[in-house]
Amino acid sequence: MTGTGPAVVVGVDGSDGSRAALRHALDEAGRRRAGLRVVVVYAPSDYWADLVALDRRPPTPDPGTGATARARAMVQEVVAERRARAATLPADEVEVVGAAGPPADVLIDAADGAELLVVGHRGRGAAHGRLTGPVALGCVLRSRCPVTVVPPTSAG
């Protein structure tokens, strides 16, 4: 990325909502002729349980590398879709990063200094019947930059 950071940041988790958010973020970055940072958030491993042997189950592998690789694959698919439609793509290379922690907190931190944060309306494990999910709501309420919440049914 050039400059002080990407103009557009988007959170993805592999859901339909995050795919729609990625499409929207690519379009926004293209319109702005700016960089795009794609952030995949995963739960941190619970190393304290291992230290005190409270949990006798075998440790689960850290999903970070796999989650980031899946996010990169999704980015490649959506970029290919956009190229096929002759859409304007970001001026800079699309950066994909993975981070462990509470999703809203990680996304807000990743968007520090950005012009826009884009999140999906519904992600994995979302409860039905709410106006928006806890990650999107947390980002809207606490982000230092504008936030766009994209529904999964957004035309792509």
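Residues numbered from 1 in each chain as written. Predicted model: local features only at pLDDT ≥ 70, side-chain atom pairs only at ≥ 80, totals over all residues. Heavy atoms only, no water.

Under an unreviewed UniProt entry, the name given to the chain is Universal stress protein, and the source organism is Actinomycetospora rhizophila. As recorded by UniProt, the Sequence similarities (unreviewed entry) comment attached to the chain reads in full: "Belongs to the universal stress protein A family." (UniProt positions renumbered as here; feature names shortened; annotations may be inferred.)

Undergrad: Please explain the environment of Thr148 as it appears in this structure.
TA: By the element assignment, Thr148 lies in strand β5 (residues 147-150). On the basis of relative accessible area, Thr148 is assigned to the partly exposed category, the value being 24%. For Thr148 and Leu117, which are 31 residues apart along the polypeptide, the C-alpha to C-alpha distance reads 6.3 Å. Not counting residues within four places of it along the chain, the set of residues in contact with Thr148 comprises His24, Leu116, Leu117, Val118 and Val119. (Helix = DSSP H or I, 4+ residues; strand = E, 2+ residues; numbered from the N terminus. Buried < 20%, exposed > 50% of the residue type's maximum accessible area, 1.4 Å probe, protein only. Contact = heavy atoms within 4.5 Å.)

Undergrad: Help me understand the state of the cysteines, please; the structure alone is not making it clear to me.
TA: One way to say it: the disulfide is the covalent bond shared by the sulfur atoms of two cysteines. By the definition in use, this model includes zero disulfides. With no disulfide of its own, Cys139 lies closest to Cys145 among cysteine sulfurs, the gap being 8.9 Å. In this structure Cys145 comes out as buried when scored by relative accessible area, which is 9%. (Disulfide = S-S within 2.5 Å.)

Undergrad: I'm lost on a nonpolar patch on the surface in this one. Help?
TA: On the surface, Leu137, Val140, Leu141 and Val149 cluster together into a nonpolar patch covering about 340 Å² of accessible area. Take the nonpolar patch: its biggest share by element is three residues, from helix α5 (residues 134-142). (Patch = residues over 30% accessible without salt bridge, like charges linked within 9 Å, V, L, I, M, F, W, Y side chains within 5 Å. Areas by Shrake-Rupley, 256 points an atom, 1.4 Å probe, with all protein chains shown as cover. Salt bridge = Lys/Arg side-chain N within 4 Å of Asp/Glu carboxyl O.)

Undergrad: When you look at helix α1 (residues 16-32) in this model, what are you seeing that I'm missing?
TA: Since there are 3.6 residues in each turn of an α-helix, residues three or four apart along the chain are aligned in direction. Counted at 1.5 Å a residue, the expected span for α1 with its 17 residues is 24 Å, and the 24 Å between its end C-alpha atoms agrees. Most of α1 sits out of view: 12 of its 17 residues are buried. Every buried residue of α1 is listed here: Gly17, Ser18, Ala20, Ala21, Leu22, Arg23, Ala25, Leu26, Asp27, Glu28, Ala29 and Gly30. Positioned one or two residues after α1, Arg33 has a phi angle of 50°, which is positive. (Expected span 1.5 Å × (residues − 1).)

Undergrad: Before we go on, may I ask you to explain the pairing of strand β2 (residues 36-42) in this structure?
TA: The side chains of a regular strand alternate between the sheet's two faces. For β2, a buried count of seven out of seven residues is recorded, marking the element as mostly surrounded by other parts of the structure. The pairing of strand β1 (residues 8-12) with β2 spans five bridges and is classified as parallel. Paired with Val8 across the bridge in β2 is Leu36. Regarding topology, α1 serves as the crossover connection from β1 to the parallel β2, and that connection is right-handed. Examined bridge by bridge, β2 and strand β3 (residues 94-100) share seven bridges and lie parallel to one another. From the neighbouring strand, Val38 faces β3, where its bridge partner is Val96. (Pairing = 2+ DSSP bridges. Right-handed = clockwise from strand over helix to strand, strands pointing away.)

Undergrad: How should I be thinking about the pattern of salt bridges in this particular structure?
TA: Pairing between side chains of opposite charge can happen when the charged atoms of each approach one another. Tallying each qualifying case throughout the model produces nine salt bridges. The partner of Arg32 in a salt bridge is Glu115, and the shortest N-O contact between them spans 2.7 Å. Of this pair, Arg32 sits in helix α1 while Glu115 sits in the loop between α4 (103-110) and β4 (116-120), and the two are 83 residues apart along the sequence. We classify Arg32 as partly exposed; its relative accessible area is 33%. We note a salt bridge from Arg37 to Glu95, for which the minimum N-O separation is 2.9 Å. Of this pair, Arg37 sits in strand β2 while Glu95 sits in strand β3, and the two are 58 residues apart along the sequence. Of the residues examined, Glu95 reaches a relative accessible area of 26% and is grouped as partly exposed. The network of salt bridges with common partners includes Glu28, Arg31, Arg32 and Glu115.

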